[in-house]
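# Examination of the molecular architecture
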Amino acid sequence: MSRKGRFVLSILVLVVISSGPIVAAGFGTAPVWTFEGSQSSEDLAQAVALTDVNGDGLDDLIVGSPFRTGSTPYQHTGEVLVFFGSPSGPSTTPSQILVTPNQEFGHALAAVGDWNGDGFNDLAVESSFNPARVQIFLGSSLGLGSFPSWEVTGPGTFGQGIGAAGDVNGDGFPDLLVGDYFYDNGALHHAGRAYLFFGGPGASTQPAWTYTGDQANSNLGAPLSGAGDINGDGFADIIVSQTGWTVSQMQHNKLVQYQTGRALVFLGSASGPAAAPDWITVGPINSLYGSAVGSAGDVNGDGFGDVIVGDNQADVALKGGGPNHPTGDNRGMAFVYLGSSVGLATTPSWTVTGDDDGAFLGDAVASGDINNDGFSDVIVTAPLRTSPGVQQGRIYAYLGSSSGLATTASWFIDGGQAGAGGAGLPLATGKVNGDSRTDLLVGVPSWDGAAGVNTGRAEFYVADSN
């Protein structure tokens, strides 16, 4: 995987930020807080998280900067910045800066919850190079500890997908998902593997559960996430993507392989996740279904958790071609599937499609209750959307209700700079200022700041009171 992730920055021209109208509820017309990297090519905010690490009841902003150069030249040791939340918003300068000897520290973050049961939320951090490792830093009244309390290591791409699983085995402690999408399953090159580690005091560094991809180059395990409790049995469930999954179809009397991607859900139980998936969905041909997966919360208020799946390379069947006749290529899609007492529905209850060729809608997803009406809402990025600025990207919010998600976005905002979406727009949701509405933290790692190209930037949006 390149430093720029899946995308290539093509134009670096500043444009004026353009935001969408507030239709019903959203996050205002501009971020209330920003923080930029201080080095060229730092890519600050490639990973972001929101969680209360100091136990004051307010979520704190966590920002990873994996390519920041440390005291040794050309060594990207990286760092993780913590900004404490308050009723007036997050601190303007870092409350804490975590630094380790690990290369590319802060490449991925997961707000795991109270891992060890001491009353403070904790943070999982991935370092992606030499060797790849995942560490957990414990919260306290002073914030995160300076040194990890738990660590696992692995080769290559181990940990480049990590996710907060929730309490999968019902023991009162949250669990951690770790993916290795290049794992070789015997002769099946890059089949991928997912691991689950149980939380708790003295948590084991041996996985409690693994699931290995069964097709070469299917890249199982990045991304992966907690799915909430989709069947209402009291155990958290998990969702794992397999973005490289392919299907065979006859084409002109010849068997042709098409990439579709797929997503798999495993049900929790007292012994951990089931050995086999309870639910599998496969994307359309020539797509990257599973580019993002996660819990959608409960979008229709029926008491069951729902899931959201992104497909950032989905094509839309439009006729014609050329600048005045769009082809529909790589517009991207996102899908929500409703939970029930028998598990997830096999067909989506809600689908949204990118409105610009090459927009890559569905690259990142998040959820929360933006307007405090008791229904979960979802947030979806289209990081390469070009209008009004080339590949500056756009972020959308859709509101839940008793009938499910609205098909029209209640809020959207553009990237504010051409090329800003080039490395994706990671999202995190939480409650930072003490009101009951969900707030939004956005990473813009391709942002060009005062210090140079690709310094990166974090942006914080507060839910408005509409």
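Heads up: these notes are all about the structure in this document. (Residues numbered from 1 in each chain as written. Predicted model: local features only at pLDDT ≥ 70, side-chain atom pairs only at ≥ 80, totals over all residues. Heavy atoms only, no water.)

## Side note on the overall build of the protein
The condition that has to hold: A run of H or I in DSSP becomes a helix once it reaches four residues, and a run of E becomes a strand once it reaches two; helices and strands are each numbered from the N terminus. To sort residues, take the accessible area from a 1.4 Å probe on protein chains only and compare it with the maximum for the residue type: under 20% means buried, over 50% means exposed, and anything in between is partly exposed. In what follows, residue pairs with any heavy atoms lying within 4.5 Å of each other are defined as contacts. Counting rule applied: Lys, Arg positive; Asp, Glu negative; His and chain ends not counted. Charge positions are represented by NZ for Lys, CZ for Arg, CG for Asp and CD for Glu.
Secondary structure assignment for the protein yields zero helices and 30 strands. Oriented by its inertia axes, the alpha-carbon framework of the protein measures out at about 65 × 50 × 50 Å. Burial statistics for the protein: of 466 residues in total, 58% are counted as buried. For the protein, restricting intrachain contacts to residue pairs at least 6 apart in sequence, the fraction spanning at least 24 positions comes to 57%. The distance from the centre of the 15 positive side-chain charges to the centre of the 43 negative ones in the protein is 11 Å.

## Details of the environment of glutamine 313
Inspection of the secondary structure puts glutamine 313 in the loop between strand S21 (306-311) and strand S22 (333-337). Using a relative accessible area of 26% as the deciding quantity, one classes glutamine 313 as partly exposed. In sequence terms glutamine 313 and serine 291 are 22 residues apart; their C-alpha atoms lie 8.4 Å from each other. Among residues more than four places away in sequence, those in contact with glutamine 313 are Asn286, Ser287, Leu288, Asn330, Gly332 and Phe360.

## Observations concerning empty space enclosed by the protein
Worth spelling out the cut-off: A pocket, in this scheme, is an open set of points on a 1 Å grid over the protein atoms alone with protein on both sides within 12 Å along at least 5 of 7 lines, while a cavity is a set where a 1.4 Å probe fits but cannot get out; residues line either one if an atom lies within 4 Å of a point. Grid points are joined across faces, edges and corners, and a volume is the space filled by probe spheres set on the points.
Enumeration over the complete set of coordinates arrives at one cavity of 30 Å³ or more. Taken as a whole, the largest cavity spans an internal volume of roughly 50 Å³. Looking at the largest cavity, the residues that line it are Ile395, Ile413, Asp414, Gly415, Leu425, Val442, Val444, Glu459 and Tyr461. Listing elements by their share of the lining of the largest cavity, those giving two or more residues are strand S27 (411-414), strand S29 (439-444) and strand S30 (457-461).

## Some remarks on the nonpolar core
Side chains of a nonpolar character, in soluble globular proteins, are inclined to be buried together. Operational definition: As used here, the term nonpolar core means buried Ala, Val, Leu, Ile, Met, Phe, Trp, Tyr and Cys residues forming a set that is joined through side-chain atoms within 4.5 Å.
By size, the foremost hydrophobic cluster in this structure holds 19 residues, and its most contacted members are Ile308, Trp350 and Val378. Every element with two or more residues in this core is listed here: strand S20 (289-297), S22, strand S23 (350-353), strand S25 (377-382) and strand S26 (394-398). If one sorts the elements of this core by residue count, S25 sits on top with three residues. In contact with isoleucine 308, other than residues within four places in its own chain, are Ala292, Val293, Gly294, Ser295, Ala296, Phe335, Val336, Trp350, Val365, Val378 and Val380. Within the second largest apolar cluster, 18 residues are counted, among which are Ala397, Trp411, Val442 and Ala463.

## Focus on the sheet that holds strand S24 (residues 365-368)
Quick reminder of the rule: Two strands pair under a simple rule: DSSP has to find at least two bridges between them. Axis definition: a line fit to C-alpha positions, over the contact stretch in the case of helices; interaxial angles, taken between N-to-C directions, run 0 to 180 degrees.
Taken together, the four strands give an open sheet; going across it, the order is S24-S25-S26-S27, and neighbouring strands pair in antiparallel fashion. In this open sheet, the two edge strands, each paired with only one partner strand, are S24 and S27. When the angles between neighbouring strand axes are averaged without regard to direction, this sheet yields 15°. The sheet contact formed by S25 and S26 spans five bridges and is antiparallel. When the bridges of S26 are listed, valine 380 appears paired with tyrosine 396.

## Here's the deal with the pattern of salt bridges
Stated precisely, the cut-off is as follows: Any carboxyl oxygen of Asp or Glu within 4 Å of a side-chain nitrogen of Lys or Arg constitutes a salt bridge here.
A complete count under the given rule lists nine salt bridges for this structure. A salt bridge links glutamate 79 to arginine 68; the nearest nitrogen and oxygen atoms lie 3.4 Å apart. Highlighted residues: glutamate 79 in strand S4 (residues 79-83) and arginine 68 in the loop between strand S3 (60-65) and S4, separated in sequence by eleven residues. With respect to class, glutamate 79 is no different from arginine 68; both count as buried.

## Let's talk about the environment of valine 453
Mapped onto the elements of the fold, valine 453 is located in the loop between S29 and S30. With 414 residues separating them along the chain, valine 453 and glutamine 39 place their C-alpha atoms 8.4 Å apart.

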